Amino acid sequence: MRIDIITVLPELLKSPFEASILKRAIEKDLVEIHMHNLRDYATGNYRQIDDYQFGGGAGMVMMVEPIDKCISQLQAEREYDEIIYMTPDGTTLNQRTANELSLKGNMIILCGHYKGVDQRVRDMFVTREISIGDYVLSGGELAAAILCDAVIRLIPGVLNDETSALTDSFQDNLLAPPVYTRPAEYKGREVPKILLSGNLPEIEKWREQQALERTQKRRPDLLE
Ligand code: 6GU
């Protein structure tokens, strides 16, 4: 997989890819991340990338031309399966979308800022608009980092047995069951006996039951 991220704040997107699982995925050549500073595609003395909105109103709008230049240059070099625009009015990210995107080859992620991008960018290029939840961030960068994390960890070979995605919350529309590690007793609190029994079928049954109870209590919407 190759991900090209278009942003006005590339520095905000450095550290997420320099640690732990994402770093290892890059080192193993399972994913390539390329940052593009939108400012590099702006023209004129002021390298302008945003402007006042037609019709008036507070807030600047990201201009179509620099984004067109950047995306068109990338598209001249390779085919893209998805051009994703990060925006609070997009479709809320969930595990199903992450699973779907983990199977793609090349993707562009465009990070919005200010009042967002000129609608013509969305009409001309964007194949999907994604939000990470019903709250507003100052820009799409942190949302893009979250999307990349959720997607990249699902690429075959990125996770090993210890970090397996198969038992994650949401993987079958259930939350994950409680987990314990040593010691078996801590300040009077004991690990459920069943987990120490070695009876794998019974342990599996207990986990399924716990996952179901947790989901019923915390996220009944997932079971509908
Ligand atoms: Cl993708 N962008 C911004 N700016 N705010 C958000 C978001 C995205 N998703 C939730 N809030």
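Here the structure is a predicted model, which is why all the values come from computation and not from measurement. (Residues numbered from 1 in each chain as written. Predicted model: local features only at pLDDT ≥ 70, side-chain atom pairs only at ≥ 80, totals over all residues.)

### A word on the sheet that holds strand β1 (residues 2–7)
The strand order across the open sheet formed by five strands is β2-β1-β6-β5-β7, and the pairing between neighbours is parallel. Of all the strands in the sheet, just β2 (32–37) and β7 (128–131) have a single pairing partner and so form its edges. The average undirected angle you get between the axes of adjacent strands in this sheet is 30°. Pairing analysis gives five bridges linking strand β5 (residues 82–92) to strand β6 (residues 106–111), with the strands arranged parallel. Within β6, the position partnered with Met86 by the bridge is Cys111. (Pairing = 2+ DSSP bridges. Helix = DSSP H or I, 4+ residues; strand = E, 2+ residues; numbered from the N terminus. Axes fitted to C-alpha atoms, helices over the stretch in contact; angles between N-to-C directions.)

### A word on helix α5 (residues 141–152)
With 12 residues, α5 extends 16 Å between its outermost C-alpha atoms, agreeing within 8% with the 16 Å of an ideal straight helix rising 1.5 Å per residue. What α5 keeps buried is the set Glu141, Ala143, Ala144, Ala145, Leu147, Cys148, Val151 and Ile152. Close packing links the buried residues of α5 with β1, α1 (20–27), β5, α3 (95–101), β6 and β7. (Expected span 1.5 Å × (residues − 1). Buried ≥ 20, exposed ≤ 12 C-beta atoms within 10 Å, placed from the backbone. Contact = placed C-beta atoms within 7 Å.)

### What about the UniProt feature "domain: tRNA methyltransferase TRMD/TRM10-type" (unreviewed entry) in the protein?
Annotation from UniProt places "domain: tRNA methyltransferase TRMD/TRM10-type" (unreviewed entry) at residues 1–224. Counting secondary structure, residues 1–224 comes out at 29% helix and 19% strand; the distance between its end C-alpha atoms is 34 Å. (UniProt positions renumbered as here; feature names shortened; annotations may be inferred.)

### Some thoughts on the site of the ligand
Around the ligand there are 13 residues in total, and Met86, Pro88, Ser131, Leu137 and Ala143 lie nearest to it. Take the shell around the ligand: its biggest share by element is three residues, from β5. Split into classes, the residues belonging to the shell around the ligand amount to seven nonpolar, six polar and no charged. (Near = placed C-beta within 6 Å. Nonpolar A, V, L, I, M, F, W, Y, C, P; charged D, E, K, R; others polar.)

### Points about the domain arrangement of the protein
When cut into domains, the protein gives domain 1 (2–152) and domain 2 (166–223). Relative placement of domain 1 and domain 2: their C-alpha centres are 37 Å apart. (Domains from an automatic or database assignment.)

### Remarks on the environment of Ile108
Mapped onto the secondary structure, Ile108 falls in strand β6. Distance in space between the C-alpha atoms of Ile108 and Leu93 is 16 Å, their sequence separation being 15 residues. Beyond its immediate stretch of four places on either side in the chain, Ile108 contacts Asp4, Ile6, Ile71, Leu74, Tyr80, Ile83 and Ile84.

### Some words on the nonpolar core
Counting 36 residues, the largest nonpolar core has Ile67, Ile84, Met86, Ile109, Leu110 and Ala144 as the members making the most contacts within it. Element by element, the count of residues in this core is highest for α5, at seven residues. (Core = buried A, V, L, I, M, F, W, Y, C linked by C-beta atoms within 7 Å.)

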